[in-house]
Amino acid sequence: MKLPINSRPRKRLKILFLDKETQYRSQTDERLNIILSPSYYWFKKATLPVKYVTQAQALAASQFDGIVPEGSYKYTVIKQEDLFWLFAYDEASIAQKLKELGIKPSQVEAFYLAQYEFQNLKLPVAIAGNKVLVQNDGVVSVMPRAFVDAVQTLDAALDHLKLSKHRITLNLFQNSVLDEKWIYRFSAVSIVFIVLYLASYLLLKSDLKALRTEQLALTQQYKLPQTSFQLKSLMRSLTSKENRQLALRQHLKKLFALRLSSGDYVKKFTFTPKGAQYEIVLSDIKHAESIKKELQKAFTVKSAKVVDKTFYIGVSL
């Protein structure tokens, strides 16, 4: 009975235990999960005055001062109950070993640490170069085969191993030679972007030429200044004129909104950019004072007099 395509079990990736004496016959494009041997990292358990892994990460480098040789290291932290497990590792040395084995960066699915993956190891594991992987008091380390009795094979140990979620990050592309296939892909993508960029540049250049032609035609049609300095000067002049016109409109609006008492009316109104003059016929000469106060709210009163019930009042703008 065939299983539906979507329900078929996912093929398990090959696990490679990477030690400095590991031998591996590379298979083209074979995907790998790699467990780093203790020979590729330094390990330390510590109690730190912080709560979270991100905080401990910032302190990791200082915890290895005087312990690791001089070099450029990356650090990772795993929290185990009240302790922090701190790891220091050299990306360049790991990348160099992978290069020697013919393993391309694109083949690596993820990296894991032997300390975490084999923390519950009961029986020593025979690895390359007559060495064994052992777990003693919670610390996973490598020692000569001569110091242990019974061992299990590496294949047997890896076959029954379920990898954890604790992956570590290595930038192999920075520390290793890029594989040929990846270079071809990168080159192809680069060419596509170059073509798109050139096409976009040519279209923009064509649009710019059309805009300049249109600008020249409008300049000649409306007899506009040729230089940007002249254009800016003209713009300032027109803007200033527009502002003056808007201000005059606001003044007129306020002047026309003058409230008169019942029986009063405007006989004559004169307006100039500098001021305005009213001739208002009053039903009662006492109304003159209230009209004057109303105008003083928005303008400066220059003159005000009443002659035969006609109120002559002038304001400046």
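Our subject is the structure listed above.
Visitor: Before we go on, may I ask you to explain the sheet that holds strand 6 (residues 108-113) in this structure?
Guide: Strand pairing in a sheet is mediated by backbone hydrogen bonds. Such pairs are either parallel or antiparallel. With respect to topology, three strands assemble into an open sheet ordered 1-2-6, the strand pairing being parallel. The open sheet has two free edges, formed respectively by strand 1 (14-18) and strand 6, since each of these has just one partner strand. Neighbour-to-neighbour, the strand axes of the sheet open up by a mean angle of 25 degrees, direction not taken into account. Looking at chain direction, strand 1 and strand 2 (residues 32-36) are connected through five bridges and run parallel. The residue of strand 2 that forms the bridge with Lys-14 is Leu-32. Helix-sheet contacts for helix 2 (residues 91-101) involve strand 1, strand 2 and strand 6, and the interaxial angle to strand 1 is about 120 degrees.

Visitor: So what exactly am I meant to see when it comes to helix 2 here?
Guide: In an α-helix, one full turn covers 3.6 residues, which means residues spaced three or four apart are oriented alike. Of the residues making up helix 2, those classed as buried are Glu-91, Ile-94, Ala-95, Lys-97, Leu-98 and Leu-101. Relative to the axis of helix 2, the buried residues are bounded by an arc of 160 degrees and lie together on one face. Immediately beyond the C-terminal end of helix 2, within one or two residues, lies Gly-102, with a positive phi of roughly 80 degrees.

Visitor: Any chance you could explain the packing of aromatic side chains here in plain terms?
Guide: Each aromatic ring pair is specified by the distance between its two centres and by the angle formed by the two planes. Summed over all chains, the structure comprises ten aromatic pairs. With a centroid separation of 6.0 Å and an interplanar angle of 70 degrees, the aromatic rings of Trp-85 and Tyr-116 are classed as edge-to-face. Of this pair, Trp-85 sits in strand 5 (residues 83-89) while Tyr-116 sits in helix 3 (residues 114-117); the two residues are 31 residues apart in sequence, bridging distant segments of the chain. Both rings, one in Phe-269 and one in Tyr-278, keep their centres 5.0 Å apart while their planes meet at 55 degrees; by these two values the pair is tilted. Taking relative accessible area as the criterion, Tyr-278 reaches 2% and is therefore assigned buried. Through a chain of ring-to-ring contacts, the aromatic side chains of Tyr-41, Phe-43, Trp-85, Phe-87 and Tyr-116 assemble into a single cluster. The ring of Tyr-40 carries the charged tip of Lys-20 above its face, separated from the ring centre by 5.6 Å.

Visitor: Help me understand the sheet that holds strand 9 (residues 139-144) in this model?
Guide: The four strands lie next to each other as 9-8-7-10, forming an open sheet whose pairing is mixed. Of all strands in the sheet, those with a lone pairing partner are strand 9 and strand 10 (152-153), marking the two edges. By the bridge criterion, six bridges tie strand 8 (residues 131-136) to strand 9 in an arrangement that is antiparallel. Counterpart to Val-134 in the pairing with strand 9 is Ser-141.

What counts, and where the lines are drawn
- Residues numbered from 1 in each chain as written.
- Predicted model: local features only at pLDDT ≥ 70, side-chain atom pairs only at ≥ 80, totals over all residues.
- Heavy atoms only, no water.
- Pairing = 2+ DSSP bridges.
- Helix = DSSP H or I, 4+ residues; strand = E, 2+ residues; numbered from the N terminus.
- Axes fitted to C-alpha atoms, helices over the stretch in contact; angles between N-to-C directions.
- Contact = heavy atoms within 4.5 Å.
- Buried < 20%, exposed > 50% of the residue type's maximum accessible area, 1.4 Å probe, protein only.
- Arc of directions from axis to C-beta.
- Phe/Tyr/Trp six-rings, centres within 6.5 Å; stacked < 30°, edge-to-face > 60°.
- Lys NZ or Arg CZ within 6 Å of the ring centre and 35° of its normal.

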